[in-house]
Amino acid sequence: MNEEIAAIAWQATSAVDHDRVQSRIAELARFGGRSDGGVARETLSSVDRAARRFLVEQARALGCDVAVDDCGNLFFRRPGTEALPPVLTGSHADTQPVGGKLDGAYGVIAGLEVIAALNDAGIRTRRPVEVVAWTNEEGCRFGPGAMGSSAFVGAADLTEYRKSTDGHGVTFGEALDEALAEMADVRRCPMGTPLSAYVELHIEQGPVLEQAGLPLGVVTGIQGVRWYRATCLGQASHAGTTPMERRADAIVAATGMVQRLNEAAAQVHPALRVTMGSWVVEPNSINTIAGKVVFTVDARCPDDAALDRFEEILNRTVTAWDWRGEATLDRFFCKAPTIFHASVLEVVAQACDEVSKQAGFDAAVRLSSGAFHDAMYMAQHCPSAMIFVPSIAGISHNAAEATAPEPLTLGVRALAHAVASLAL
Ligand code: GLV
Ligand code: MN
Ligand code: MN
């Protein structure tokens, strides 16, 4: 990096304001804030829509041009001095049904803080710097996850996504149209526009950085992920009168499958992670045998071939289960492992190492992400990479999710350094 760029990148880094980051995180967490300290802000819910409005106002106050695309992704642009593709940063503002204050929100607030720091330091960049808040990264209300970034890089997917239904029968298309109608004052922008780079800052959501005792991680890639839905159709019947040997009990079948899948996972690959996290039981009554069970399977591994092998076992386990009912399997999300781009990784690594060193720490950890992120789709579109900060006790998707204040600020400083270097 030339010395002049390095010096200006440090000015941006130094202008990051610790207290402003802390207070913005707290302010955003009020939208959907819970008494246990967690946040319930599922995508496109009324609180998510109010949070999006809050972000639009924050961005306008920083002098940004605000735009929204057909998938509800919000873009906040600080102009550059030349008409070049922007450097994009950001993350998502939606949460799990019970999430924390940081998963996604941190990356969006950090992006706005980078713009505030550039403003405060009076730095003009050649390229525009843009912050994004992606729609529906979590995928828990409407599957699959990372919908906004996926549609941004492949707009044709939006047609299918619009049909995805939540637990109350509302389609993603209906919820999206309502959110877009509320954004009538915001300029509509096209999807898939050229970008020069994408850098996403996120909490690690796992134990690696905490165990290393270091505040920053350079994320080299993201493991592969696949999501499935298994539907077990038995027969609802009276709990007191139906003999055990005549039952088609969907719960007994489904729990048997889950047990077998958990056992199989360890044999397929030591790093394979399998989760059966969402269940619908019908009629869900104490004295009626379950007639129908639908459960989800989330499978992840850095080795795509292992995911293929697990998929075969999963398919056989579900469809050939020996019982009096029938079961089917449907795959609705599949993303191969992502490897980030050397060019952006180099800039991010330099930013993380220097910010770590200046704060008295060893060089940043290099690690792969266990969670998926919008960066996995952005890597198909432009050179992309990520930065992690530690999660206390490695906990996330939980109200107790937290990161100590110092690494939170160091993460934003490293982001400011990387974004400024890429945009100057
Ligand atoms: C994202 O929230 C994931 O499930 O990895
Ligand atoms: Mn996230
Ligand atoms: Mn998440």
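Residues numbered from 1 in each chain as written. Chains lettered and ligands numbered in written order. Predicted model: local features only at pLDDT ≥ 70, side-chain atom pairs only at ≥ 80, totals over all residues. Heavy atoms only, no water.

Colleague: Account for the packing of aromatic side chains, naming residues and giving values.
Modeller: Counted under the stated rule, the structure contains 11 aromatic pairs. Taking the centre distance of 5.5 Å and the plane angle of 65 degrees together, the rings of Trp-134 and Phe-152 count as edge-to-face. On the criterion of sequence distance, the pair formed by Trp-134 in strand E4 (residues 129–134) and Phe-152 in helix H5 (residues 147–153) is long-range, its members being 18 residues apart. Residues Trp-134 and Phe-152 agree in their burial class; the two are buried. Taken together, Phe-75, Trp-134, Phe-152 and Tyr-198 form an aromatic cluster joined through their ring pairs. Between the NZ or CZ atom of Arg-229 and the centre of the ring of Phe-332, over which it lies, the distance is 4.3 Å. (Phe/Tyr/Trp six-rings, centres within 6.5 Å; stacked < 30°, edge-to-face > 60°. Helix = DSSP H or I, 4+ residues; strand = E, 2+ residues; numbered from the N terminus. Buried < 20%, exposed > 50% of the residue type's maximum accessible area, 1.4 Å probe, protein only. Lys NZ or Arg CZ within 6 Å of the ring centre and 35° of its normal.)

Colleague: Would you mind going over the packing of helix H4 (residues 105–120) against helix H13 (residues 405–423) in detail, with residue names and values included?
Modeller: Contact pair H4 / H13: the axes reach a minimum separation of 9 Å and the direction vectors enclose 60 degrees. Comparing their axes, H13 and H4 come out oblique. Between H4 and H13 lies a crossing whose hand is right-handed. Between H4 and H13, the residues in contact are Tyr-106, Ala-110, Gly-111, Glu-113, Val-114 and Leu-118 and Pro-407, Leu-408, Gly-411, Val-412, Leu-415, Ala-416, Val-419 and Ala-420, respectively. Residue composition of the contact of H4 with H13, by class: 11 nonpolar, two polar and one charged. (Axes fitted to C-alpha atoms, helices over the stretch in contact; angles between N-to-C directions. Parallel < 35°, antiparallel > 145°, perpendicular 65-115°, else oblique. Left-handed = near helix turned anticlockwise from the far one by under 90°. Contact = heavy atoms within 4.5 Å. Nonpolar A, V, L, I, M, F, W, Y, C, P; charged D, E, K, R; others polar.)

Colleague: Before we move on, could you go through the domain arrangement of the chain and cite the residues and values that matter?
Modeller: Taken domain by domain, the chain consists of domain 1 (3–222 + 338–423) and domain 2 (224–335). Between domain 1 and domain 2, the C-alpha centre-to-centre distance is 34 Å. For the domain 1 and domain 2 pair, buried surface summed over both sides reaches about 750 Å², with 65% attributable to carbon and sulfur atoms. Considering only the side of domain 1, the residues that lose the most area to domain 2 are Pro-144, Phe-372 and Met-376, jointly responsible for 47% of the buried surface there. Put simply, domain 1 and domain 2 have zero salt bridges between them. For the interface between domain 1 and domain 2, the tally reads one residue pair in polar contact (both at pLDDT 80 or more). (Domains from an automatic or database assignment. Buried area = accessible area lost by both parts, 1.4 Å probe. Salt bridge = Lys/Arg side-chain N within 4 Å of Asp/Glu carboxyl O. Polar contact = N/O pair within 3.5 Å; in protein donor to acceptor, adjacent residues only side chain to side chain.)

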